[in-house]
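A look at the structure
Here's the letter readout for the chains.
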Amino acid sequence: MDTLLATVHALAWAVYVGGSITMEWVLRYAQRTMPPSQVGVVCKNAGTRYRWFALVSLLAIGASGAAMFLRIDDAELAARAGSPELSLGDSYGRTMLLLTVGWLALAATVAAMAFWLHPAQRKRSRPDMTSEAIAAERLRIGRAIKQMDRALKFELVVSVICIGIAASLRTGGLI
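Predicted, not measured: the structure shown is a model, and the values here were computed from it.

Position of His 9 among the secondary structure elements: in helix 1 (residues 2-31). For His 9, a relative accessible area of 18% puts it in the buried group. Those residues in contact with His 9 that lie beyond four places of it in its chain are Ile 61, Ser 64, Gly 65 and Met 68.

Have a look at this one:
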């Protein structure tokens, strides 16, 4: 069971971080050479698909991580290098807490992108709108796009940091 949980956990992180890197470094770069009319369609389709991959990956990470955490016993920890403990008085416990906070930050960021920022970018002006209302709508969409850019960058940085922090658990933790 431990091997299955660890495999699901690692695969979910790989899909999640791979998607995050693809969205930031591949898709953003490719958009620079696209005509503006295509950028909107690509963003809509990629964002919709990424939203579900990211949410499912984060759920798998959380579920498998929680299951692995519940399966840890003191004898197993004592056998590891440095005899780590699951307490805030030990580096291992503090690192686990930091990883949990990182996962919560990622889940909140993806939820904000999926259910607030991405839908905000898809709203368009209607024919019955005044020119001032159309200008205001364009400004609002522009702000949503900038917020999405910041959210994607934040997500990428936090996810890569979480991978590094998690790697430190084999040696007893980071902090």
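Now that the structure has been shown, the text picks up again.
Okay, the packing of aromatic side chains next. The final tally for this structure, using the stated rule, is two aromatic pairs. Look at Trp 13 and Tyr 16: their rings are 6.2 Å apart centre to centre, the planes differ by 80°, and that puts the pair in the edge-to-face class. In this pair, Trp 13 and Tyr 16 are both assigned in helix 1, three residues apart and thus about one turn of the helix distant. What makes Trp 13 buried here is its relative accessible area of 10%. Between Trp 52 and Phe 115, the aromatic rings sit 6.4 Å apart at their centres with planes inclined by 75°, giving edge-to-face as the arrangement. With a gap of 63 residues between them, Trp 52 in helix 2 (residues 36-71) and Phe 115 in helix 4 (residues 91-122) connect regions that are remote in the sequence. When its relative accessible area of 46% is taken as the criterion, Trp 52 is described as partly exposed. For Phe 115, a relative accessible area of 52% translates into the label exposed.

What follows covers the nonpolar core. Counting 27 residues, the largest nonpolar core has Trp 13, Tyr 16, Leu 106, Val 110 and Met 113 as its most contacted members. Mapped onto this core, the elements with two or more residues apiece are helix 1, helix 2, helix 4 and helix 5 (131-167). Broken down by element, the residue count for this core peaks at eight residues, all from helix 4. Not counting the four nearest positions on each side in its chain, Trp 13 is found in contact with Gly 18, Ile 61, Leu 106, Ser 159, Cys 162 and Ile 163.

What counts, and at which threshold
Residues numbered from 1 in each chain as written. Predicted model: local features only at pLDDT ≥ 70, side-chain atom pairs only at ≥ 80, totals over all residues. Heavy atoms only, no water. Helix = DSSP H or I, 4+ residues; strand = E, 2+ residues; numbered from the N terminus. Buried < 20%, exposed > 50% of the residue type's maximum accessible area, 1.4 Å probe, protein only. Contact = heavy atoms within 4.5 Å. Phe/Tyr/Trp six-rings, centres within 6.5 Å; stacked < 30°, edge-to-face > 60°. Core = buried A, V, L, I, M, F, W, Y, C linked by side-chain atoms within 4.5 Å.

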